[in-house]
Amino acid sequence: MSTSSTPSSTPPAAQQSLTVTCAAMAGAIPMITLVLWFVLATDGIGEFPATWAPLVVLAAAAAAYSFCELAGFRTPALEHSAHSARSAAEIEAESWRRFTASTFTRFAVCEGVFLVSVALAFVVQSFWVVLIGAVLALPLFFLEVWPNARNQQRFAASLESRGVPSYLGGRLQD
């Protein structure tokens with residue numbers, strides 16, 4: 001029986017599942033953009049719209065970024081349980097459930113930037129607004145939503161603020 005003090009090299013099943021789900025969600029933005037090109041770009045890409053429409057999309061992106069950075073990774077800390085000793089697997093499962101819920105909330109906020117651009121594109125009849133929304137929403141998605149080490153560590157810091165390990169980065173091997 002060997003012991004190791006390093007976390008497992010394979011990501012937990014919850015992380016793998018969340019990554020696949022996030023990849024599918026991220027793929028929706030380029031697909032919808034392509035479909036809208038056929039709807040809105042009847043004569044090439046068209047004229048650039050009035051400046052208010054792109055500014056609204058930019059303001060939505062700034063608001064989404066601010067929300068994600070200031071509140072998107074906050075969660076109540078894990079509690080020490082005096083009544084029952086929870087196993088590391090139970091704590092890890094609870095941590096991943098909370099992280100997944102937070103990920104979907106941040107996704108909804110970031111995807112809202114793109115959805116605002118789609119609605120505005122129909123108002124001003126310009127495909128440019130959809131492109132601007134996609135160009136702002138995709139990097140925002142990959143920065144704030146993708147379940148990478150940065151986002152896991154930020155969320156784990158909130159979970160672990162009372163000293164209970166969250167195991168979002170994996171558990172030590174026996």
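Cut-offs applied
Residue positions within a chain follow its written sequence, with the count starting from 1. With pLDDT at 70 or above as the cut-off, local features in this predicted model cover only qualifying residues; side-chain atom pairs require 80 or more to be listed or tallied, and sums for whole chains, interfaces and linings still use all residues. To obtain the side-chain values, all non-hydrogen atoms of the structure were used and water was disregarded. Counting from the N terminus, the helices are DSSP H or I runs at least four residues long and the strands are E runs at least two residues long. Categorising residues by exposure relies on relative accessible area from a 1.4 Å probe, with only protein chains included: less than 20% of the type maximum marks a residue as buried, more than 50% marks it as exposed, and the intermediate range marks it as partly exposed. We call two residues in contact when some of their heavy atoms are within 4.5 Å. Each accessible area is a Shrake-Rupley estimate made with a 1.4 Å probe; only the visible protein chains count as cover when residues are assessed. Between 30 and 60 degrees the pair is tilted, below 30 it is stacked and above 60 it is edge-to-face, where a pair is any two Phe, Tyr or Trp rings, Trp via its six-membered ring, whose centres lie within 6.5 Å. Salt bridge criterion: a side-chain nitrogen from Lys or Arg within 4 Å of a carboxyl oxygen from Asp or Glu. Axis lines are fitted through C-alpha atoms, for helices just across the contact stretch, and the angle between N-to-C directions can take any value from 0 to 180 degrees. If an angle is under 35 degrees, it is roughly parallel; if it is over 145, roughly antiparallel; if it lies from 65 to 115, roughly perpendicular; otherwise it is oblique. Three classes are used: nonpolar for Ala, Val, Leu, Ile, Met, Phe, Trp, Tyr, Cys and Pro, charged for Asp, Glu, Lys and Arg, and polar for all others, with Gly counted as polar. Definitions for this section: a left-handed crossing has its near helix turned counterclockwise from the far helix by less than a right angle. A right-handed crossing has that turn clockwise. What a helix should span is 1.5 Å times the count of its residues minus one. Arc definition: directions from the helix axis to the C-beta atoms.

Visitor: Run through the overall build of the protein, naming residues and quoting values.
Guide: On a plain count of helices and strands, the protein comes out with five helices and zero strands. Within the protein, the proportion of its 174 residues that are buried is 36%. Taking as baseline every contact in the protein between residues at least 6 positions apart, the subset at least 24 positions apart corresponds to 81%. When the accessible surface of the protein is totalled, it reaches about 9500 Å², and 66% of it is carbon and sulfur.

Visitor: Talk me through the packing of aromatic side chains; I want residue IDs and the actual numbers.
Guide: Scanning all chains against the criterion turns up eight aromatic pairs. Residues F141 and F142 carry aromatic rings whose centres are separated by 5.2 Å and whose planes lie at 85 degrees to one another, so their mutual orientation is edge-to-face. Classification of F142 as partly exposed rests on a relative accessible area of 39%. Between the aromatic rings of F142 and W146, the centroid separation amounts to 5.4 Å while the plane-to-plane angle is 45 degrees, which identifies the pairing as tilted.

Visitor: How would you summarise the pattern of salt bridges if you had to cite specific residues and measurements?
Guide: Counted according to the given criterion, the structure contains four salt bridges. Of the charged contacts, one joins R150 and E69 as a salt bridge, the two residues approaching to 2.7 Å between their closest N and O atoms. In this pair, R150 is assigned in helix α5 (residues 149-159) and E69 in helix α2 (residues 52-70), connecting sequence segments 81 residues apart. Here R150 falls in the partly exposed class, since its relative accessible area comes to 29%. What makes E69 partly exposed here is its relative accessible area of 22%. Here R154 and E69 are joined by a salt bridge, their closest N and O atoms 3.1 Å apart. Of this pair, R154 sits in helix α5 while E69 sits in helix α2; the two residues are 85 residues apart in sequence, bridging distant segments of the chain. Under the relative-accessibility criterion, R154 is labelled partly exposed at 27%. Connected through shared salt-bridge partners, E69, R150 and R154 make up one network.

Visitor: Explain the packing of α2 against helix α4 (residues 127-144) residue by residue, including any values.
Guide: Interaxial distance between α2 and α4 falls to 9 Å at its minimum, and their mutual angle equals 10 degrees. It follows from the interaxial angle that α2 and α4 lie roughly parallel. Across the interface between the two elements, A53, P54, V57, L58, A61, A64, Y65, C68 and E69 from α2 touch V129, I132, G133, L136, L140, L143 and E144 from α4. Classifying every residue of the contact of α2 with α4 by side-chain character gives 13 nonpolar, one polar and two charged.

Visitor: I'd like a description of the packing of helix α3 (residues 88-124) against α5, backed by residues and values.
Guide: The interhelical angle for the contact between α3 and α5, taken along N-to-C directions, is 120 degrees, at an axis separation of 11 Å. Classified by the angle between their axes, α3 and α5 sit oblique to one another. As for how α3 packs across α5, the hand of that crossing is right-handed. Listed contacts from α5 to S95, W96, R98, F99, S102 and R106 of α3 are N151, Q152, F155 and L159. Residues that form the contact of α3 with α5 fall into these classes: four nonpolar, four polar and two charged.

Visitor: Describe α2, with residues and values.
Guide: Over its 19 residues, α2 runs 26 Å from end to end, which matches the ideal 27 Å to within 8%, given 1.5 Å per residue. Among all positions in α2, only A53, P54, V57, A61, A64 and C68 are buried. An end-on view of α2 places all buried positions within 100 degrees of arc, on one side of the element. The exposed set on the far side of α2, more than 90 degrees from its buried face, consists of L55 and L70. In the core, the buried residues of α2 are packed alongside α3 and α4.

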